[in-house]
Every structure is written in structure tokens, then in C-alpha cells.
Amino acid sequence: MEQRLANTWRMTVNEKKFIETALHSDLRIDGRRPFDYRELTVKFGREDGSSEVQLGLTHVMGFVSSQLVQPYRDRPNEGTLSVYTELSPMADPSFEAGRPTESAVELGRVIDRGLRESRAVDTESLCVVSGKFVWSIRIDLHILDNGGNLVDAANIAALAALLTFRRPECSLGGEDGQEVIVHPPEVREPLPLIIHHLPIAITFAFIGDENTVVIDPTHFEEGVMGGRLTATLNANGDVCAIQKAGGDGVMQSVIMQCLRIASVKAADITAKIRKAVDSYNTERALSKIRRQPASVAVQVTEPNQIEVKDFLSKHKEKLMLKSEEGGASHSDDMEIEAQSSEQDKSRRRDSTSKSFVGGPLSWDPYSKVKVAPVEKLEKSRSDEPYKGESPKLLADSSTSLLSDEKAATGLQIEKEKTLKDAVKPKHKRKKKASTNTDAS
Amino acid sequence: MEYVNPEGLRLDGRRPLEMRQLRAEIGVVARADGSAVFEMGNTKVIAAIYGPREVQNKSQQINDQAVVRCEYSMANFSTGDRMRKPKHDRRSTEISLVIRQTMEACILTHLMPRSQIDIFVQVLQADGGTRSACINAATLALADAGIPMRDLVTSCAAGYLNTTPLLDLSYVEDSAGGPDVTVGILPKLDKVTLLQMDAKLPLDTFETVMQLAIEGCKAVANYIREILLENTKQLEFRRGV
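Residues numbered from 1 in each chain as written. Chains lettered and ligands numbered in written order. Predicted model: local features only at pLDDT ≥ 70, side-chain atom pairs only at ≥ 80, totals over all residues. Heavy atoms only, no water.

Draft legend 1. Fine view of the confidence of the model for chain B. Of all residues in chain B, 100% attain a pLDDT of 70 or more, and the chain-wide mean is 93. Model confidence for the complex: the whole-complex pTM is 0.75, and ipTM, which rates the interface, is 0.91. (pLDDT = per-residue confidence, 0-100.)

Draft legend 2. Summary view of the pattern of salt bridges. Residues and elements named next belong to chain A. Counted under the stated rule, the structure contains 27 salt bridges over all chains. R32 is the partner of D216 in a salt bridge, and the nearest nitrogen-oxygen pair spans 3.4 Å. Placement of the pair is D216 in the loop between β12 (213-215) and α5 (219-224) and R32 in the loop between α2 (13-24) and β1 (40-44), with a sequence separation of 184 residues. Like R32, D216 is buried. Each of D30, R32, R38 and D216 takes part in salt bridges that share partners, so that together they form one network. (Salt bridge = Lys/Arg side-chain N within 4 Å of Asp/Glu carboxyl O. Helix = DSSP H or I, 4+ residues; strand = E, 2+ residues; numbered from the N terminus. Buried < 20%, exposed > 50% of the residue type's maximum accessible area, 1.4 Å probe, protein only.)

Draft legend 3. The arrangement of the environment of F220(A) in detail. Residue and element names in this part refer to chain A. Among the secondary structure elements, F220 is positioned in helix α5. F220 gets classed as partly exposed once you look at its relative accessible area, which sits at 34%. If near-sequence neighbours (up to four positions away) are discounted, F220 is found in contact with M11, I19 and I29. (Contact = heavy atoms within 4.5 Å.)

Draft legend 4. Summary view of the sheet that holds strand β1 (residues 22-26) of chain B. All names here are of chain B. With mixed pairing, the 5 strands of this open sheet are ordered in space as β1-β2-β3-β5-β4. Pairing within the sheet leaves two strands with one partner each, and these edge strands are β1 and β4 (67-74). The sheet shows a mean angle of 15° between the axes of neighbouring strands, taken without regard to direction. Summarising the sheet, β1 and strand β2 (residues 34-40) pair through 5 bridges and their orientation is antiparallel. Within β2, the residue paired with L22 across the bridge is M40. (Pairing = 2+ DSSP bridges. Axes fitted to C-alpha atoms, helices over the stretch in contact; angles between N-to-C directions.)

Draft legend 5. Local environment of the pairing of strand β3 (residues 43-54) of chain B. Residues and elements named next belong to chain B. Relative to β3, β2 is paired through 7 bridges, and the arrangement is antiparallel. Bridge pairing in β3 links G34 to I49. Hairpin geometry of β2 and β3 is characterised by an intervening segment of 2 residues between the two adjacent antiparallel strands and by a positive phi of about 65° at G41.

Draft legend 6. Seen up close, the interface of chain B and chain A. Listed as interface residues are 35 residues of chain B and, on the opposing side, 36 residues of chain A. For the chain B face of the interface with chain A, the top three residues by lost area are R90(B), K200(B) and L203(B), together amounting to 19%. Scanning the region where chain B abuts chain A turns up 4 salt bridges. At the junction of chain B with chain A, the criterion picks out 17 residue pairs in polar contact (both at pLDDT 80 or more). (Buried area = accessible area lost by both parts, 1.4 Å probe. Polar contact = N/O pair within 3.5 Å; in protein donor to acceptor, adjacent residues only side chain to side chain.)

Draft legend 7. Spotlight on the packing of aromatic side chains. If you walk through the whole model with that rule in mind, you get 2 aromatic pairs over all chains. Note on F44(A) and Y280(A): the rings are 4.7 Å apart at their centroids and 35° apart in plane angle, and the pair reads as tilted. With F44(A) in strand β1 and Y280(A) in helix α6 (residues 252-291), the pair connects residues that are 236 residues apart, well separated along the chain. Grouping residues by exposure puts F44(A) and Y280(A) together as buried. One residue, R138(A), lies across the ring of Y84(A), its end atom 4.0 Å from the ring centre. Over the ring of Y84(A) we find R90(B), and its NZ or CZ is 5.8 Å from the ring centre. (Phe/Tyr/Trp six-rings, centres within 6.5 Å; stacked < 30°, edge-to-face > 60°. Lys NZ or Arg CZ within 6 Å of the ring centre and 35° of its normal.)

Draft legend 8. Molecular detail of the confidence of the model for chain A. Residue and element names in this part refer to chain A. Taken as a whole, chain A shows an average pLDDT of 74; of its residues, 63% reach a score of 70 or greater. Overall, residues 299-315 carries pLDDT values under 50, and its contacts beyond four positions in sequence, including any with other chains, amount to 47 contacts. For the stretch residues 431-440, pLDDT sits under 50, and the model shows 19 contacts to residues farther than four places along the chain or on other chains.

Draft legend 9. Region of the structure containing the packing of helix α2 (residues 130-145) of chain B against helix α4 (residues 203-238) of chain B. Residue and element names in this part refer to chain B. One can describe the packing of α2 onto α4 by two numbers: an axis separation of 11 Å at closest approach and a directional angle of 30°. One finds that α2 runs roughly parallel with respect to α4. In this structure, the crossing between α2 and α4 has a hand that is right-handed. Listed contacts from α4 to N136, L140, A143 and D144 of α2 are V220, I224, I227, L228 and N231. (Parallel < 35°, antiparallel > 145°, perpendicular 65-115°, else oblique. Left-handed = near helix turned anticlockwise from the far one by under 90°.)

Draft legend 10. Representation of the state of the cysteines within the structure. Residues and elements named next belong to chain B. Evaluation of the coordinates by the stated rule reveals 0 disulfides over all chains. There is no disulfide at C217, and the cysteine sulfur nearest it, in C156, is 5.5 Å away. When its relative accessible area of 0% is taken as the criterion, C217 is described as buried. (Disulfide = S-S within 2.5 Å.)

Draft legend 11. Just unusual backbone geometry, in detail. The linkage connecting G51(B) with the following residue, P52(B), adopts the cis geometry, with an omega of -10°. Within the fold, P52(B) resides in strand β3. For N149(A), which is not glycine, the phi dihedral falls at a positive 60°. Note that N149(A) resides in the loop between β6 (133-145) and α4 (150-164). Even without being a glycine, A199(B) presents a positive backbone phi close to 70°. Judged by its relative accessible area of 2%, A199(B) falls in the buried class.

Structure follows, in C-alpha cells:
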């Protein structure tokens, strides 16, 4: 209430009348039509699980973190999910620092209901030791700028952050197998959360008489509206949550119409979020590869043509010098990888597209490693969008080798030519099956 | 777990479309301007209204309408296990907001500028549907206080378990994890003012469940009108009319 009061105080009677009159001709003050959404931009931060959403003028940041805790007594084998919202005073003059106002609590609870009750995040997979240790996922939402419709923007920020969040892998150890060992991200690749569906919140504002409904209100329209309805739907057409906390009464038919419009918009927004998350995942995978420069060459090409570079021994020193600890352990992984079974190879072959080649070191024309076109990398990445890159697969990609023309010719058929291909590496060695020791 | 057995009876012996027993009493808190007790089965709620009176916090005063404040709390002894800190947790804050905005929509606030109306609702026994019971109790209490309203506000909840829509969920059915749709309507105007839902439901199933809840609300409205009529007759009698 305080927030709405602050808005109405700022707004003059003339402004209010203008908004209402314009709506009679289906015009909104920012030029949109009644059922148009504002422009949505989803960006990600450096860390996994941080997102930044801009919906028109509304700016929200989301951040996901995890912690091992004891589960609730009545749910011993489920992890927990909690949503915390912070309405920063810089976002709106009516927000106060300190104790959350009613609207802040409502915002957090609407998003929480949409995620928790509809089982969007799989909490059973967050259990480590039943009754003792489960992962507690904490979503922090910071409102930086209130341009209206905070619920929708904050919900998208929460979803984007959840999709890109990676929790550390942990295993049971110790004498009795009850001790939990949490592996740091350099040792074992962190895992993404299992998210079954994306509940998208769509807010409608009822302005003037109840036949005037607008979607995605700006803060001006929020100051004038008589009631608000937030419908949380997913792309499958399920209603996950609805919040109409009082306000003007509306006919049941109007509500059903709003829900139908919301299901269309939800599909739209889901597509946008997935696209943004996909491109983030691609970039993330790429940056991982760039961290391991001249790596071991384990090439997966045509059947049974597995080549291991002789450079392995020669470049090991180079490797040790160049790579960080993470890289070093990765090269160990890679060696182990090289000795893996035929089965593994065929599996990897299937999972990485045939023409997949890694793409590091585009700046060094004399490196033994040839650069690969980025699109191929994306293709392989897109094969597994929401599964964590398993250590094996990552070792595969980071071994990103090239530069053997034997391998290259094998792949060249499907690979696109870039300028970098024209730069021939200095030393080319034809390695045949003689180095096929790892084929076993 | 089976919430509707093959004969079509629920855990407490009701049919799927049957509401729990309603009981209401007006004028229970002598000090308040209006008060009421509302029972829906085992859920018992007491509401007290203070107002219209002078605004205590001048900064919140509105010059052309009344300020409505609401506080929802559950008594420590209302649930099975004694609760530690029932006030001012996030759930209570949200329900207070919801009840306030629901009642605000039906009170004719522009008739009482620069004044304040306080609604205090306390849950004495919680067995599912506390939100609805609170709104019904607040309506009765507001009528008892003589505060002008557009229409009564009545509320009822419905759910969907074992592929059957169920009216007026009890606590066991509510905590089953299935959907819970709470609806508040203005019966004469036939408008929906409160609508809350959690858990997942396909769109057409949701429409059925919401329709069922609205029917429940209308039944509650009939009962409330009876109670108010009875109360008015009592008042007339006492005044010797």
C-alpha cells in the first residue's frame, strides 16, 4: 500500500485521467498496445548462477547460491529452495532499506510459490544424505530499478539464474560413507540443477472499469490501476500459480481470457530465456577451452582412427608450464581419457558431432593446435544444453586438438574453412597408427 | 494416499462437492466496533473491527478516503504443534496484505476520509481454509460495525486430488501437495476479487476448480445473509420495535 500511495502522490489527477482516457482508445502511454510486452533483455554475470534482467525500464538482478544444510523434519530427502527479495531504495522512492515491506514479501512469495509448489526445480535430486545433508538453494533477487511489473522481471531473473547455476559435485566418503566431500569446481565440474519446466509470471493490470486490462504495467499504470492479477504459467499450458490479492472485482470470463493470453506470452518468454541461456552456455564452454591451451591431442574421428599426438611427451613440459592447476589436472584426466576404452570413444564420438573440433588459441598461428570454427563447437554444445558437461566430455573438448592433417582431412569434409585454416602450423607430423597405443 | 475412496467419500466422510459445516456468531468482542466468529468445520477464526476512527499515524492519512489496515495472526495453539513465532512471518504478512486489499475493494472508503479502519483477524483453530474463514469473518464483523460496503465478500477454497475437484479442503487435503484454489467474490455483483492458486493445474481443469470454488462462495454468502438477517431481527427486538 505504501508503494501505491507513493505513486499516487507523485501522480497528478491529470496524469491519471490521461492514462485512463488513452486506454479507452487502446493506447498506452509508452506507445504499446494493451497486450504487448516490453522489451526483455537477459544478461549473465561472470559467475554461474547470476543473471541480470531488463524489462523495459525495470532492472532486476538474480543470484543463486547453494549450501549444505539439514533438511526439514517432514521432508528428509528433499532439498530446499528459498527466495529472498531486496527492494533497494535506489529503485523507488517508496522503498525503504531494512525490514521488507508487504509488497516485498508478496513479491518473494509469488515467485517462491511458482517455483516450489509447481515442482519446477527438482528438490529430490538435491539430497545428499537423507535426513542429514541436503542442498539448500537460495535465490537472491535485487531490484535495482522499479519501472513497473517487478514480479515478472524478478521471476525471469530467478529462472535465468537457476538455469545457469552450477552446484559443486559432492560425494560420500569417510570411514562409514557418511562424510560428505564437496569437490571444488577445479577438480570436478559442477553440476547444473534439474529444472523440469519454467514457470513464467505474467501480470495484468485492471485500470478503470474492469473491461480495461493491460499486460505488463509500467509504474505509471501501476499507480492508476485498481487491481492486479499475476498468472504464472509454463510453456506446456499448465497454470502454476495465480495471485490476485484483492483489488477491483472482475468477471470470471475476464480472468479466463487473461489466462489464455498469458499462456501465449509464457511460451514466448520461455523461448527468449532458453535462447539467452543457450548462448551463455556456449560462451562458457568456449571460455573453458581457452583456459587449457596446447592440450593433449586425442582425436575422435572416423571409426577406429584414434590418434594420439606424439607431442604428448614433448609438450608435456609446455603443458605443465602453461596450464594452471586446473589445467594440469585436466591433462591428467586427458591422459586417462586417452587410455579409456573403445566404448567410451564411440560414446564420445556420438556425443560430440563428428566434425567437432575445439577452438583454442586463435591468436597463435604457430601453435600445434589448429583453430576450429566456433559454430561446430556450438553445435556440440547444443547437443547437451542442460546437462552438466561431464568431466569426460570437457576433457574431450579441451583436448581440442587439431593440427594433424590426418585428423584434419578426416574432418575437413564437414568443417568450414576459415582464414585460420590458411595459416599452416609450423610443424606437421603425420602420425599413423603407430601411436595408436591408446586405442585400447 | 487415497483422498477420495471408491465410494466417493473423502477422508472426513464428505462428498467431493460438499462444504464443511458453517457456524458464525456476531458481536463476540465487546470492546470492538464490530466483531464476529466464523467456523468452517474445524477451522475457527475471530475477527474484530475498530473504526472508522482517527488515523493514528498522520503520515498515512489520506485526504479523500479511509485507510484500511489489517493484521492476520495465528494463535500459538491453533495448529497441531504449538507454533513458536506466529506473528510477522512472511506468510502472515502476505495474508494480511491479501485480506486488506480484498476488504478495501468492497468498503466504500471515500465516505470516510481521513479516518482509519483496523481489521484484526486471529485464527483460533486451523484446519485448512484459514484465509477464506478470515475473509468471511471480516465481512461479518464489518457488517456488525456498520461500515458501508459495496457488497459482502465471501471466500472459499477448492482443490483437485485423485482427479476429482474437491470443495473446501481440510488441512490434510491441503498439505497433500495438490493444487489449492482460494477464491473471494462479491456475490451480488458476481465479480471475483480474490484469486490465489498454487501447484500445477492444466488450464481447463483450473476453470472447473475455480467454478466450484465460486459456487462454494455463493453458498457461504447465503449463510452469511441468514446470519445477518437473524442478527438484525435480534437488534430490532432489543430496541422494542
